[in-house]
Amino acid sequence: MLSADLCRLLYQEADRLAPEEMCGVLLPGGIFVGMKNVADNPDRAFQIDPEEFRAVAILRGALPCAIVHSHPGERSNASATDCQLMDALQKHGHDLYMVIVGLNPRTIRVYQKQGEHYTCLWHKEECGLSEV
């Protein structure tokens, strides 16, 4: 689902911004656009600036297909807050994927809410990915 190059880029961005959570969006074609985390406590949460989100969609001419963020000190499992965000997105007609980059251990998971369930559609351990 995600290319090895994209996975490397997501790990690099998550590492660069740790201990804060990295965030951004994926556009069609696997293009990652990093965004500023404007959460009050960016080391424990992420919040994408709505204006920046809209600007990316307008400038790139495409709506994001996924929200991306990292869990710097833990696994890439969806948290209760992540599930609440997927609920809110679905309620407003946006069935976006949720890509979570875990740094301890290094894994990437892709989630989507399907009915009443939060389903991990894809996951990748870092092993096998060479450093850039």
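Quantities reported herein were computed from a predicted structural model and do not represent experimental measurements.

(A) The overall build of the protein chain, seen in detail. When helices and strands are tallied, the protein chain shows three helices and six strands. When the elements of the protein chain are put in sequence order from the N terminus, they spell out α-β-β-α-β-α-β-β-β. Relative to a compact globule of 132 residues, whose C-alpha radius of gyration would be 14 Å, the protein chain shows 14 Å and is just as compact. A principal-axis box enclosing the C-alpha atoms of the protein chain has dimensions of 35 × 35 × 30 Å. For the protein chain, buried positions account for 42% of its 132 residues. In the protein chain, the proportion of contacts linking residues at least 24 apart, taken out of those at least 6 apart, comes to 55%. Only carbon and sulfur atoms are counted for the fraction: they give 51% of the accessible area of the protein chain, which is about 7,300 Å². Where the 12 positive side-chain charges of the protein chain centre and where its 18 negative ones centre are 2 Å apart.

(B) Structural view of the pairing of strand 2 (residues 31–35). As paired elements, strand 1 (residues 23–27) and strand 2 share five bridges and run antiparallel to each other. Looking across to strand 2, one finds that Leu-26 is bridged to Phe-32. Hairpin connection from strand 1 to strand 2: three residues lie between these consecutive antiparallel strands, with Gly-29 at a positive phi of about 90 degrees.

(C) Quick look at helix 1 (residues 4–17). Compared with an ideal rise of 1.5 Å per residue, which puts 14 residues at 20 Å, helix 1 spans 20 Å between its outermost C-alpha atoms and is within 8% of the ideal. Every buried residue belonging to helix 1 is among Leu-6, Cys-7, Arg-8, Leu-10, Tyr-11, Glu-13 and Ala-14, and all of these are buried. Among the structural elements, strand 1, strand 2, strand 3 (66–71), strand 4 (97–103), strand 5 (106–114) and strand 6 (117–125) are those in contact with the buried residues of helix 1.

(D) Representation of the pairing of strand 6 in the model. Examined bridge by bridge, strand 5 and strand 6 share eight bridges and lie antiparallel to one another. Looking at the pairing, Gln-112 lines up with Thr-119 of strand 6. Here strand 5 folds back onto strand 6 in antiparallel fashion, the turn holding two residues, of which Gly-115 has a positive phi close to 70 degrees.

(E) Geometry of the pattern of salt bridges. Taken as a whole and assessed by the stated rule, the structure comprises five salt bridges. One salt bridge in this structure joins Asp-87 and Lys-113, with 2.7 Å as the shortest N-O distance. Here the residue Asp-87 occupies a position in helix 3 (residues 80–91), and Lys-113 occupies one in strand 5, the gap between them amounting to 26 residues. The class for Asp-87 is partly exposed, based on a relative accessible area of 27%. Since its relative accessible area comes to 12%, Lys-113 is described here as buried.

(F) Focus on the sheet that holds strand 5. The mixed open sheet is built from six strands, whose spatial order is 2-1-3-4-5-6. Among the strands making up the open sheet, the edge pair consists of strand 2 and strand 6. Within this sheet the neighbouring strands show an average axis-to-axis angle of 25 degrees, counted without direction. In the sheet, strand 1 pairs with strand 3 via four bridges, with the strands oriented antiparallel. Bridging from a neighbouring strand, Val-25 pairs with Ile-67 of strand 3. Strands strand 1, strand 2 and strand 3 of the sheet are contacted by helix 2 (residues 50–60), whose axis makes an angle of about 145 degrees with strand 2. Strands in contact with helix 3 are strand 3, strand 4, strand 5 and strand 6; relative to strand 5, the strand with the most contacts, it is inclined by about 40 degrees.

About the cut-offs
Residues numbered from 1 in each chain as written. Predicted model: local features only at pLDDT ≥ 70, side-chain atom pairs only at ≥ 80, totals over all residues. Heavy atoms only, no water. Helix = DSSP H or I, 4+ residues; strand = E, 2+ residues; numbered from the N terminus. Rg over C-alpha atoms; globule rule 2.2 N^0.38 Å. Buried < 20%, exposed > 50% of the residue type's maximum accessible area, 1.4 Å probe, protein only. Contact = heavy atoms within 4.5 Å. Areas by Shrake-Rupley, 256 points an atom, 1.4 Å probe, with all protein chains shown as cover. Lys, Arg positive; Asp, Glu negative; His and termini not counted. Charge placed at Lys NZ, Arg CZ, Asp CG, Glu CD. Pairing = 2+ DSSP bridges. Expected span 1.5 Å × (residues − 1). Salt bridge = Lys/Arg side-chain N within 4 Å of Asp/Glu carboxyl O. Axes fitted to C-alpha atoms, helices over the stretch in contact; angles between N-to-C directions.

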